[in-house]
Amino acid sequence: MTSGGNSLTAAVLLIIMMKVFSVLTQSCPSTMYQAQGLCCQKCPAGNRVKTDCTETAHTSCVACEDGTHMDKPSGLKQCTHCTICDLSFGLKENRTCTSTLDTVCKPEDGFYCVDVAAGSCMAAHKHRQCQPGEYISQTGTAFRDTECSDCSNGTFSDGTLKFCRPHRPCESLNLKLIRPGNATTDAQCEEQDQDNVVPIIIGCLLTILVIGIVIVIVIYVKRKTLCPKRGENNREQ
């Protein structure tokens, strides 16, 4: 009796183990998920499982709560929390989260993305600021940093320009050079010294005056010379 009882117990255990193994190795179609040994229908995107199916009832689904989403059919009982675009990481929303789609983030203005996942920017860095003596050779974008280059000789930039400007040509403008330009600042000019200009003006005026006097004298002498000749001609006639 004892031997028969042991054999029966062993047989029952074997059957249970085979059933458990069968459940564990059971494969469900891609549109279904496994729960309690059954293949249950997945809930559609935007929904989660409320209760699993049974032998007499279908899967019960419920819509994702606000702030959560499910982007594909699943057998999950919790929706995924929406991604938050963190300003401290230089991010802002490019697409708002819905029940079926997660938030898509993009860099804030003046930032560029350094980590992209599933089409969304996860982290961004601030664009490089060009230094005085450099110009912006490549403007930064949402996915590329700003590029800077050094100014060449005879030009300058404060770091905010897209090209270096040539130094002001003081001498060509008839101005006095006060301070030569360098890579960061322009040349400084000022008007020529007025003390040198006044004598030049006076000299020019005196020259004009002398020329005028000479012309008057020449005209006067010519007239004096011509007048006696005319008188003699009149007497002869």
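None of these values were measured; they are calculated from a predicted model.

Observations regarding the state of the cysteines
Okay, step 1: The tally for this structure, following the rule as stated, stands at 10 disulfides.
Okay, step 2: The disulfide partner of cysteine 64 is cysteine 79, and the gap between their sulfur atoms is 2.0 Å. Its torsion about the S-S bond being -80°, the disulfide of cysteine 64 and cysteine 79 is classed as left-handed. Taken together, the residues span a long stretch of sequence, with cysteine 64 in the loop between strand S4 (60-63) and strand S5 (68-69) and cysteine 79 in the loop between S5 and strand S6 (80-81) at a distance of 15 residues.
Okay, step 3: A residue is classified by how much of its surface remains accessible, and cysteine 79, at 9% relative accessible area, is buried.

Points about the environment of aspartate 158
Okay, step 1: For aspartate 158, the position within the fold is in the loop between strand S13 (155-156) and strand S14 (165-166).
Okay, step 2: Between the alpha carbons of aspartate 158 and threonine 185 there is a distance of 7.2 Å; along the sequence they are 27 residues apart.
Okay, step 3: Every residue in contact with aspartate 158, bar those within four places of it in the chain, is listed here: Gln131 and Pro132.
Okay, step 4: In this structure the side chain of aspartate 158 is engaged in a polar contact, spanning 2.7 Å, whose partner is the side chain of threonine 160.

Concerning a nonpolar patch on the surface
Okay, step 1: A cluster of nonpolar side chains, contributed by Ile202, Leu206, Leu209, Ile213, Ile217, Tyr220 and Val221, occupies part of the molecular surface with about 690 Å² of accessible area.
Okay, step 2: Within the element layout of this structure, valine 221 appears in helix H2 (residues 194-236).
Okay, step 3: Classification of valine 221 as partly exposed rests on a relative accessible area of 44%.

Regarding the UniProt feature "domain: TNFR-Cys" (unreviewed entry) in the protein chain
Okay, step 1: Here, UniProt's "domain: TNFR-Cys" (unreviewed entry) annotation points to residues 27-61 and 63-105.
Okay, step 2: Summarising residues 27-61: 0% helix, 43% strand, and an end-to-end C-alpha distance of 22 Å.

Re the pattern of salt bridges
Okay, step 1: By the definition in use, this model includes 4 salt bridges.
Okay, step 2: Between lysine 77 and aspartate 52 there is a salt bridge; the shortest N-O distance is 3.1 Å. Remark: aspartate 52 occurs in the loop between strand S3 (47-51) and S4 and lysine 77 occurs in the loop between S5 and S6; sequence separation between them is 25 residues.
Okay, step 3: Ionic pairing is found between aspartate 109 and lysine 92, a salt bridge with its closest N-O pair at 3.6 Å. Of this pair, aspartate 109 sits in the loop between strand S8 (104-107) and strand S9 (111-117) while lysine 92 sits in strand S7 (residues 91-95), placing them 17 residues apart in sequence.
Okay, step 4: What makes lysine 92 partly exposed here is its relative accessible area of 24%.

Some words on unusual backbone geometry
Okay, step 1: The backbone of alanine 118 shows a phi angle near 55°, a positive value even though the residue is not glycine.
Okay, step 2: Looking at where alanine 118 falls in the secondary structure, it is placed in the loop between S9 and strand S10 (120-126).

Considering the environment of glycine 154
Okay, step 1: Relative to the elements of secondary structure, glycine 154 occurs in the loop between strand S12 (147-150) and S13.
Okay, step 2: For glycine 154, a relative accessible area of 39% puts it in the partly exposed group.
Okay, step 3: Each C-alpha atom of the pair glycine 154 and cysteine 164 lies 9.2 Å from the other, and the pair is 10 residues apart in sequence.
Okay, step 4: Sequence-distant contacts of glycine 154, that is, excluding residues within four places in its chain, are made with Arg165, Pro166 and His167.

Parameters at a glance
- Residues numbered from 1 in each chain as written.
- Predicted model: local features only at pLDDT ≥ 70, side-chain atom pairs only at ≥ 80, totals over all residues.
- Heavy atoms only, no water.
- Disulfide = S-S within 2.5 Å.
- Helix = DSSP H or I, 4+ residues; strand = E, 2+ residues; numbered from the N terminus.
- Buried < 20%, exposed > 50% of the residue type's maximum accessible area, 1.4 Å probe, protein only.
- Contact = heavy atoms within 4.5 Å.
- Polar contact = N/O pair within 3.5 Å; in protein donor to acceptor, adjacent residues only side chain to side chain.
- Patch = residues over 30% accessible without salt bridge, like charges linked within 9 Å, V, L, I, M, F, W, Y side chains within 5 Å.
- Areas by Shrake-Rupley, 256 points an atom, 1.4 Å probe, with all protein chains shown as cover.
- Salt bridge = Lys/Arg side-chain N within 4 Å of Asp/Glu carboxyl O.
- UniProt positions renumbered as here; feature names shortened; annotations may be inferred.

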